[in-house]
Amino acid sequence: MAMQDMFASLETEEKLELLYNNSLVEGKNLEILMNNTDQFFLIVIAIIIFFMQCGFAFLEAGSVRSKNTVNILIKNMLDAFIGGVSYWAIGWGLAYGEGGNLFCGGSQFFNYQLSYALYPKWFFQFVFAATAATIVSGAIAERCQFFAYFAYSIIITGWVYPPVSHWAWDGAGWLAQTGYYKDFAGSGVVHLMGGSCAIVGCYFMGARRGRFNKKGDPIDMPGHSVPLAGLGGFILIFGFLAFNGGSQAQIAHEGDGDVVALAIVNTILGASTGGLVVLFINKFMFKQPWSFLMCLNGALAGMVSLCGGCNLYEPWAALIVGALGGIGFIVVHFAMLRLQLDDPLDAVA
């Protein structure tokens, strides 16, 4: 009551000035709240995506022979730890550093003069870089020396992935400046880049001993634990929902929730048709037994194919894109075998 009496005693101009000042304060507080909400959203999503490293580790550990389990787990841990240091040292600067050019960024190496307000974006982009590196680790599993992998992890996260992300996702990049290249969640930037590096690695590393006979026909070398690989696959599907939905990178503005929801719905629909198409083609066209791992890889291929435009597709279109991704997986899977390129996890496909 005392506050109301004091307000009533003020002149009209004083009331208007007081209301105006209060509106400025409330507007500033709202801006801070929205900014903090966006940053918190980005951090939480990035942590969920980082959990995909666990999924990769389980999938790869279950898909290799038991004697190589510890080795593959260590290499997956290196992707996270070495990748973190590499991205801090040079990766971020090459990707998003200020003062760059069409090819790469030009500052903020070692996070020098990097504002704390950009740290959520830094972490989000780092987990994308770690994901790209892990794609290659699956393709060259069981035949890569430890120190060679050590060097490769540094190169991928520090030198190879950052300029590619700069091209497409930084306003100064040459792809971004064309105005025609749209890649919402990294179909090209993350997965195509990682797959390209993986197939080059498969070629130069050669096949595992005993993978192909003298005629070039493949010899089955199953992993030691389907349940372990299955657990890893389900973790990856879970993480992919955050990977694609979280690529909106904000949640506090009008329409953000709609975009995030659409991306997540489209992603799971793409996984559904991708997995089903691969499962049925493998069974009825190639007369193979029902295969859980083929179905899982088809689902992952369907989700990857949705990354580029999952924020724009209608759900019916996502079903078609996911199915095409599954067909693409089948084609690449058998083409790799025909060319005697040994990919234990079908990471390239």
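Residues numbered from 1 in each chain as written. Predicted model: local features only at pLDDT ≥ 70, side-chain atom pairs only at ≥ 80, totals over all residues. Heavy atoms only, no water.

## Observations regarding the overall build of the chain
Counting its regular elements, the chain contains 12 helices and 0 strands. When the helices and strands of the chain are listed from N to C terminus, the series reads α-α-α-α-α-α-α-α-α-α-α-α. With respect to the principal axes defined by its C-alpha atoms, the chain has extents near 100 × 45 × 40 Å. If you take every contact in the chain between residues at least 6 apart in sequence, the share linking residues at least 24 apart comes to 73%. Accessible area for the chain stands at about 17,500 Å²; split by element, carbon and sulfur atoms hold 68% of it. On the chain, the mean spot of the 16 positive side-chain charges and the mean spot of the 23 negative ones are 28 Å from each other. (Helix = DSSP H or I, 4+ residues; strand = E, 2+ residues; numbered from the N terminus. Contact = heavy atoms within 4.5 Å. Areas by Shrake-Rupley, 256 points an atom, 1.4 Å probe, with all protein chains shown as cover. Lys, Arg positive; Asp, Glu negative; His and termini not counted. Charge placed at Lys NZ, Arg CZ, Asp CG, Glu CD.)

## Comments concerning the state of the cysteines
The full count for this structure, using the stated rule, is 0 disulfides. No disulfide involves C104; its nearest neighbouring cysteine sulfur is the one of C197, lying 17 Å away. Classification of C104 by relative accessible area gives buried; the value is 15%. Unpaired in terms of disulfides, C202 finds its nearest cysteine sulfur in C144, a separation of 11 Å. Under the relative-accessibility criterion, C202 is labelled buried at 1%. (Disulfide = S-S within 2.5 Å. Buried < 20%, exposed > 50% of the residue type's maximum accessible area, 1.4 Å probe, protein only.)

## Examining the packing of aromatic side chains
According to the stated counting rule, one finds 22 aromatic pairs in the structure shown. Note on F234 and F292: the rings are 6.5 Å apart at their centroids and 40 degrees apart in plane angle, and the pair reads as tilted. One end of the pair, F234, is in helix α9 (residues 226-245); the other, F292, is in helix α11 (residues 292-306), with 58 residues separating them in the sequence. Classification of F234 as exposed rests on a relative accessible area of 56%. Among the aromatic residues, ring-to-ring pairing joins F50, Y87, W122, F123 and F126 into one connected group. Sitting over the face of the ring of Y96, K121 holds its NZ or CZ atom 4.3 Å from the ring centroid. Directly above the ring of F212 sits R211, whose terminal nitrogen or CZ lies 5.5 Å from the centroid. (Phe/Tyr/Trp six-rings, centres within 6.5 Å; stacked < 30°, edge-to-face > 60°. Lys NZ or Arg CZ within 6 Å of the ring centre and 35° of its normal.)

## Examining unusual backbone geometry
A positive phi angle is found at K287, which is not glycine, with a value near 55 degrees. Tracing the chain through its elements places K287 in the loop between α10 (256-285) and α11.

## Regarding helix α8 (residues 187-205)
Its 19 residues give α8 an end-to-end C-alpha distance of 25 Å, which sits within 8% of 27 Å, the value for a rise of 1.5 Å per residue. G188, V189, V190, H191, M193, G194, G195, A198, G201 and C202 are the residues of α8 that are buried. Each element contacted by the buried residues of α8 is listed here: α5 (119-139), α6 (146-169), α9, α11 and α12 (315-338). Looking at the residues trailing α8, positive phi occurs at G206, about 80 degrees. (Expected span 1.5 Å × (residues − 1).)

## Description of the nonpolar core
Across soluble globular proteins, nonpolar side chains show a tendency to be buried alongside one another. I49, Y87, F128, Y161, F243 and L300 are the most contacted members of the largest nonpolar core, which totals 53 residues. In terms of residue count, the dominant contributor to this core is α5 (8 residues). Core analysis: the next-biggest nonpolar cluster, separate from the first, contains 16 residues, I82, C144, I156 and C202 among them. (Core = buried A, V, L, I, M, F, W, Y, C linked by side-chain atoms within 4.5 Å.)

## Here we look at the side chain of N266
Note on placement: N266 falls in helix α10. Using a relative accessible area of 0% as the deciding quantity, one classes N266 as buried. Polar side-chain contacts of N266 include one of 2.8 Å to the backbone oxygen of Y313. If near-sequence neighbours (up to four positions away) are discounted, N266 is found in contact with L306, C310, Y313, E314, P315 and A318. (Polar contact = N/O pair within 3.5 Å; in protein donor to acceptor, adjacent residues only side chain to side chain.)

As far as function goes, none of this settles anything; it's purely spatial.
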